[in-house]
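What follows is the residue order along each chain.
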Amino acid sequence: MLRARSLLLLRLAAPAAGCGPAARLVPARLFAAAPPPPAATAAAVSAEPFINGSNSSYVEEMYVQWLRDPSSVHASWDAYFSRTAGGAGPGAAYMAPPSLAAPSANSLPVSALVAPMVGGAARVPGAAASENTIADHLSVVGVIRSYQIRGHLVARLDPLEIERKPVETASEIVVRGYMQNFDEQDMDTVFQLPSSTFIGGREKALPLREIVNRLEQAYCRSIGVEYMYINDLEQCNWIRQKIESPGIMQFTNDEKRLILARVARATGLESFLARKFSSEKRFGLEGGEVLIPAMKHIIDVSSAMGVESFVMGMPHRGRLNVLANVCRKPLEQIFAQFAALEVADEGSGDVKYHLGTYIERLNRVTNKNVRLAIVANPSHLEAVDPVVQGKVKAEQFYRGDSDGNKAMSILLHGDAAFSGQGVVYETFHLSDLPAYTTHGTIHIVVNNQIGFTTDPRLTRSSPYCTDVARVVNAPIFHVNGDDPEAVMHVCQIAAEWRNTFHKDVVIDIVSYRRNGHNEIDEPMFTHPFMYNKIKKMPNLTDKYSKKLIDEGTVNADEVKRDVIDRYEKICEEALEASKKETQIYNKHWIDSPWSGFFEGKDPLKMSDTGVKEETLTHIGKRVSSAPPNAVDFVIHRGLQRVLNSRMEMVESRTVDWALAEAMAFGSLLKEGYHVRLSGQDVERGTFSHRHHVMHHQKVDMATYRPLCYLYPDQAQYTVCNSSLSEFGVLGFELGFSLTNPNALICWEAQFGDFCNTAQVIIDQFISSGQAKWVRQSGLTLLLPHGMEGMGPEHSSARLERFLQLCSEDPEYFPPFAADEFAIRQLSECNMIVANCSVPSNYYHILRRQVHMPFRKPLILMTPKSLLRHPRAQSSFDDMVEGTEFKRVLPDTAAAGQSPSGVRRVIFCSGKVYYDLEKAREDRGLQDQVAIVRVEQLSPFPFDEVKQQLDLYPADADIVWAQEEAKNNGAWAFVEPRFETTAAKAKVIRYVGRSCSASPATGSKTAHTKELNALLNEAFDL
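Parameters at a glance
- Residues numbered from 1 in each chain as written.
- Predicted model: local features only at pLDDT ≥ 70, side-chain atom pairs only at ≥ 80, totals over all residues.
- Heavy atoms only, no water.
- Helix = DSSP H or I, 4+ residues; strand = E, 2+ residues; numbered from the N terminus.
- Buried < 20%, exposed > 50% of the residue type's maximum accessible area, 1.4 Å probe, protein only.
- Areas by Shrake-Rupley, 256 points an atom, 1.4 Å probe, with all protein chains shown as cover.
- Lys, Arg positive; Asp, Glu negative; His and termini not counted.
- Charge placed at Lys NZ, Arg CZ, Asp CG, Glu CD.
- Expected span 1.5 Å × (residues − 1).
- Polar contact = N/O pair within 3.5 Å; in protein donor to acceptor, adjacent residues only side chain to side chain.
- Pairing = 2+ DSSP bridges.
- Axes fitted to C-alpha atoms, helices over the stretch in contact; angles between N-to-C directions.
- Phe/Tyr/Trp six-rings, centres within 6.5 Å; stacked < 30°, edge-to-face > 60°.
- Lys NZ or Arg CZ within 6 Å of the ring centre and 35° of its normal.
- Salt bridge = Lys/Arg side-chain N within 4 Å of Asp/Glu carboxyl O.
- Patch = residues over 30% accessible without salt bridge, like charges linked within 9 Å, V, L, I, M, F, W, Y side chains within 5 Å.
- Contact = heavy atoms within 4.5 Å.
- Right-handed = clockwise from strand over helix to strand, strands pointing away.
- Parallel < 35°, antiparallel > 145°, perpendicular 65-115°, else oblique.
- Left-handed = near helix turned anticlockwise from the far one by under 90°.
- pLDDT = per-residue confidence, 0-100.
- Core = buried A, V, L, I, M, F, W, Y, C linked by side-chain atoms within 4.5 Å.

Colleague: Would you mind showing me how to read the overall build of the protein here?
Modeller: Helices and strands together make up the secondary structure of the protein, namely 33 helices and 30 strands. Its C-alpha atoms give the protein principal-axis dimensions of roughly 125 × 75 × 50 Å. Within the span of the protein, comprising 1021 residues, buried residues form 58% of the whole. If you sum the accessible surface of the protein, you get close to 41,600 Å²; carbon and sulfur atoms cover 51% of it. Positive and negative side-chain charges of the protein, numbering 108 and 121 respectively, have mean locations separated by a distance of 2 Å.

This is the structure:
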């Protein structure tokens, strides 16, 4: 649209005169850039001052409306615009049309918009009264816009009415000075409504009093809407129509009865649990029970629109109620969680208000089957947000649901967490990224107006807890939680918005928390004023049923007999059934079941990870070539050298790190396994080694992805650069990995230590998820790691932290059979940690992730300098059929061939091996010092380490060498395991850097000095 003076510029550029009907063609100059002479502009502004200043937006709106349809604007505006387009000079177009009749009482004739009637006679053009009348109309437009922008600030949102504003203050906040021009008599004056409002319905003009009344009804009652920051006019008008249209919030008696029944079930369950388990923490929903009918209504509406799968994430408050009344989890299973019963299956379990579930059921409103999943969540309230989004994205991906019409996410939040936790922001910023979007999420904030014991005024700097959503232009609907019908209306709009625009939307249910943070917490210590009010509040069932009884929708007996007592009976019967249970099962609470995956598999049988050589050759040549049949695809000269080098390696049957990875991915794609690689800069690779996306050097956004075009019937390969986020993106990829076990899902950190900011996902989900929630994941983390003089922040992936999270007992040597040792260790571990030193092992361990008969997270320390190290290469012979991942790599020099003469055995892991190997050669100690690499650190390869210890003389010195500081790296992990392996017959000692608070030095000189000291000590015989 034009800016403030664009209409004026247009009129000055119009033909001088005589254009006649052709003047309608002038709007073609709407986009003209040449300005008129400054003097002419000044003259026009002086003659027609209503075009300039604060009135310009209204004039502009009228003009654009006139361009579309001249009959849609006031006759005086039509005349004015026509004369202007016809070439009338400044002031000449400003004329009043004749009037043949006197105006009716309290109204203005058509002509009065420009030249109002005074005493029955029209004023001459340019009279002051005309300007006042135009100013009045502009004020009305300002009033309408004020309510649309600021009406939410005075809406009656708080059930407790703690901060209810006086009427005078509220008026000043919303309309500011726009009503100063009007007195009581003006309130009955009829004004034409602009196209930017729908309050008139079919009426195009309304008295000012009615305009204000309808705006109050739309924006200042139980619903407050924030949407005017959205920069899409269609979306703004869509919301206006849903909020402003007269009679839009009407419910039938049957719909009201359904709302009442759902409210009664929500309050009934909380009341029942409070009576039966009064001393138990359950983080009940009292005060926010309207959440249950709200969620059910969203599911009803979305189901009717075709959504079949709903994945939900939520904090602990209200989880049991959602499980019971939204998902319809059997009540006896919920009640059994309150009993001190033994667990009958695997896992250590979790508290009941952290558990998830998966339910397939019939939606009785739409008569359609729906799948409902609540993802298990720890006490880190918002940590589940990206996990849910990744899970939904995976469902959409595997279903071919490219628009999100079949699967959607619903995220529940608390007010303090929504504004306070950064992962909320990270998750929002994934919402429109092509490889991460779920095509719209409905966010529901259960706003208790308190965070544990902290007042909202002390927990955020923004006016609302929901302001973070504005960054992605998500509309925000604030609603009074004690007005169920308003809540249902907002939920209807939110579900339709998501279905129409496939974008995020936020519902802020302003409610309260009847108890403390939990049921045994005393809130009066810190909030006596608030909780004195809460004590006087009736529960929602009583309040809403009274409303329906008063209006004659239901009667009191019906409410008690058919609603309250009926659900009470259901709860009592379920409680009696739960008392017959003697055990509980963690598997009943799994949120991501893999139907058919485990059936028919030998849990101790591993499929081969080697492949035919022709497969390796084919993949190698494809990823080493430019796009076939595209001679005009211009490749960067530096990349062409990389491709040429790769082709030479393929022809010599050799691979480096990048080529081994491509062959692992490509061979899995050939076998039908989806591969997804996500993270910061993964398409090229942080160290410019991968190049899985080639860019045309002459055409923007023209790319070629060779791994997507290996075979005609291959699985899909996804490689996507992520936002600069670790917490959010790692959580997303974890969620993605939960949906389909037949896929390799990888997340790569730009540098290994960047995973620090995703530690919650690692600690609460990846390392402990199977133990707590019986939920397996094959997610693979690729973490660049190595001390190379790059400073403290680009060196260590914090290997020691991952090893500390491993559940293996360091003092227990598993008594497994030799042929089952490796697979049984993998089966019983909680995650795998490896630090590979050769490309072939990297290739095998990636393929092993998919070929295991179960799924475990894999944490891989990946190299940096080894990506181009001439010795860090592997032969096809180590990757073809019959080969496998090697947990321990024996010495390959003379010491390994003649172990009897060995004086020292150095065990190590990862890149430091190449430093040790070179130092050994420089010193000529190949026959006296053996170097053994432990490629898989956890589960610790007790059996193969024992073989290596037994291979060498009993008096040989045993050393563990690492490049990390002594308090970092693998030393603390491996030392007790070596003692267990050797039955304490041999003592292993440490060689490496001393303890340090920082992972690495920032001085290149100091780094070199430390490395030389390490090597000297390692070979000081």
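Next comes the rest of the description.
Colleague: How should I be thinking about helix 8 (residues 233-244) in this particular structure?
Modeller: Residue pairs spaced three or four apart in an α-helix point in one direction, given the helix's 3.6 residues per turn. In this model helix 8 runs 16 Å from its N-terminal to its C-terminal C-alpha over 12 residues, within 8% of the 16 Å that 1.5 Å per residue would give. Turning to helix 8, its buried residues are Gln235, Cys236, Trp238, Ile239, Arg240, Ile243 and Glu244. The backbone nitrogen of glutamate 234 has a side-chain oxygen 2.9 Å away, supplied by the residue at the start of helix 8, namely aspartate 232.

Colleague: How should the sheet that holds strand 16 (residues 674-679) be read in this particular structure?
Modeller: Working definition: the strands of a sheet are paired by backbone hydrogen bonds and lie parallel or antiparallel to each other. Here we have 7 strands laid out as an open sheet, ordered 19-16-20-21-23-22-28, and mixed in their pairing. The open sheet has two free edges, formed respectively by strand 19 (717-721) and strand 28 (936-938), since each of these has just one partner strand. Strand after strand, the sheet turns through a mean of 20° between neighbouring axes, direction not considered. Direction of pairing for strand 22 (residues 832-834) relative to strand 23 (residues 858-862): parallel, over a ladder of 3 bridges.

Colleague: What is the right way to read the packing of aromatic side chains from this model?
Modeller: Centre distance and the angle of the planes are the two values used to describe a pair of aromatic rings. Tallied over the entire structure, the rule returns 33 aromatic pairs. Judged by centre distance (5.8 Å) and plane angle (65°), the rings of tryptophan 238 and tryptophan 497 are edge-to-face. In this pair, tryptophan 238 sits in helix 8 while tryptophan 497 sits in helix 16 (residues 484-501), placing the two residues 259 residues apart along the sequence. Its relative accessible area of 16% is what places tryptophan 238 among the buried residues. An aromatic cluster of at least three residues, connected via ring pairs, comprises Phe813, Phe816, Phe821, Phe907, Phe940, Phe942, Trp960 and Phe978. The positively charged end of lysine 329 is found above the aromatic ring belonging to tryptophan 589, 4.6 Å away from the centroid. Here the guanidinium or amino end of lysine 352 rests over the ring plane of phenylalanine 338, the centre of that ring lying 4.6 Å away.

Colleague: Which parts of the structure should I look at to understand the pattern of salt bridges?
Modeller: One pass over the structure, following the stated rule, counts 49 salt bridges. Between arginine 257 and aspartate 254 there is a salt bridge, and its shortest N-O distance comes to 2.9 Å. Pair noted here: arginine 257 and aspartate 254 are both in helix 9 (residues 253-276), with a separation of 3 residues, about one helical turn. On the accessibility criterion, arginine 257 (31% relative accessible area) is partly exposed. For aspartate 254, a relative accessible area of 56% translates into the label exposed. Between arginine 871 and glutamate 917 there is a salt bridge; the shortest N-O distance is 3.0 Å. In this pair, arginine 871 is assigned in the loop between strand 23 and strand 24 (874-875) and glutamate 917 in helix 30 (residues 912-923), connecting sequence segments 46 residues apart.

Colleague: Even after reading the chapter, I still don't get the sheet that holds strand 13 (residues 505-510), so can you show me in this structure?
Modeller: With respect to topology, 8 strands assemble into an open sheet ordered 5-12-13-11-10-6-9-8, the strand pairing being mixed. Two strands in the sheet have a free side with no partner beyond their single neighbour: strand 5 (223-226) and strand 8 (357-363). Ignoring strand direction, the axes of neighbouring strands in this sheet form an average angle of 20°.

Colleague: What is the right way to look at the pairing of strand 12 (residues 476-480) in this model?
Modeller: The two faces of a sheet get side chains in turn, since along a regular strand they alternate between them. Within strand 12, 5 of the 5 residues are buried, which leaves it mostly tucked inside the rest of the structure. Neither face of strand 12 is open: one carries Ile476, His478 and Asn480, the other Phe477 and Val479, and all of them are buried.

Colleague: What am I meant to see in a negative patch on the surface here?
Modeller: On the surface, a cluster of negative charge is contributed by Asp608, Glu614, Glu881 and Glu884. Checked against the element boundaries, glutamate 884 lands in the loop between strand 24 and strand 25 (888-889). Accessibility expressed as a relative area gives 54% for glutamate 884, which makes it exposed.

Colleague: Is there a simple way to think about helix 21 (residues 637-651) in this case?
Modeller: For helix 21, spanning 15 residues, the distance from its first C-alpha to its last is 21 Å, which sits close to the expected 21 Å at 1.5 Å a residue. Regarding helix 21, the residues found buried are Gly638, Leu639, Leu643, Arg646, Met647, Met649 and Val650. Those residues of helix 21 that are buried lie in contact with helix 20 (613-622), strand 15 (654-655), helix 22 (657-670) and strand 17 (694-695).

Colleague: Looking at this structure, how should I read the side chain of histidine 691?
Modeller: Mapped onto the fold, histidine 691 is located in the loop between strand 16 and strand 17. Reaching out from histidine 691, the side chain makes a polar contact with the backbone oxygen of serine 688 at a distance of 3.2 Å. Setting aside chain neighbours within four positions, we find histidine 691 in contact with Leu639, Val642, Arg646, Glu683 and Arg684.

Colleague: Even after reading the chapter, I still don't get the pairing of strand 23, so can you show me in this structure?
Modeller: Across the 5 residues that make up strand 23, a large majority, 5, are buried. Of the two faces of strand 23, the one carrying Leu858, Leu860 and Thr862 and the one carrying Ile859 and Met861 are both buried. Two elements, strand 21 (residues 780-784) and strand 23, share 5 bridges in a ladder whose sense is parallel. By the bridge assignment for strand 23, leucine 783 is matched with methionine 861. Viewed along the sheet, the connection from strand 22 through helix 28 (residues 839-851) into strand 23 turns out right-handed.

Colleague: Would you mind going over the packing of helix 22 against helix 28 with me for this structure?
Modeller: Two quantities define a packed helix pair, namely the angle between the helix axes and the distance between the axes. For the pair helix 22 and helix 28, interaxial distance at closest approach is 8 Å and the crossing angle is 25°. Considering their axes alone, helix 22 and helix 28 lie roughly parallel with respect to each other. Like other packed secondary-structure pairs, helix 22 and helix 28 cross with a definite hand, here right-handed. Two secondary-structure elements touch here, helix 22 through Trp657, Ala660, Glu661, Met663, Ala664, Phe665, Ser667 and Leu668 and helix 28 through Pro839, Tyr842, Tyr843, Leu846, Arg847, Val850 and His851.

Colleague: I would appreciate a short explanation of the confidence of the model for the protein in the present structure.
Modeller: Low pLDDT marks regions whose predicted coordinates should not be analysed in detail. In the predicted model, the protein carries a mean pLDDT of 88, and the fraction of residues at 70 or more is 90%. The low-confidence segment residues 1-43, where pLDDT is below 50, has 62 contacts with residues more than four positions distant or belonging to other chains. The low-confidence segment residues 109-129, where pLDDT is below 50, has 39 contacts with residues more than four positions distant or belonging to other chains.

Colleague: Explain the nonpolar core to me, please; I cannot follow it from the model alone.
Modeller: Here is a general trend for soluble globular proteins: nonpolar side chains tend to be buried in one another's company. Core analysis: the largest hydrophobic core is formed by 170 residues, its most contacted members being Phe335 and Trp960. Take this core: its biggest share by element is 10 residues, from helix 16. The next biggest cluster of nonpolar side chains, apart from the first, holds 52 residues, and it includes Val650, Val682, Phe687 and Leu860.

Colleague: Please explain the environment of glycine 992 as it appears in this structure.
Modeller: Note that glycine 992 resides in strand 30 (residues 988-993). The contact partners of glycine 992, leaving out residues within four places of it in the chain, are Gln962, Leu1014 and Glu1017.

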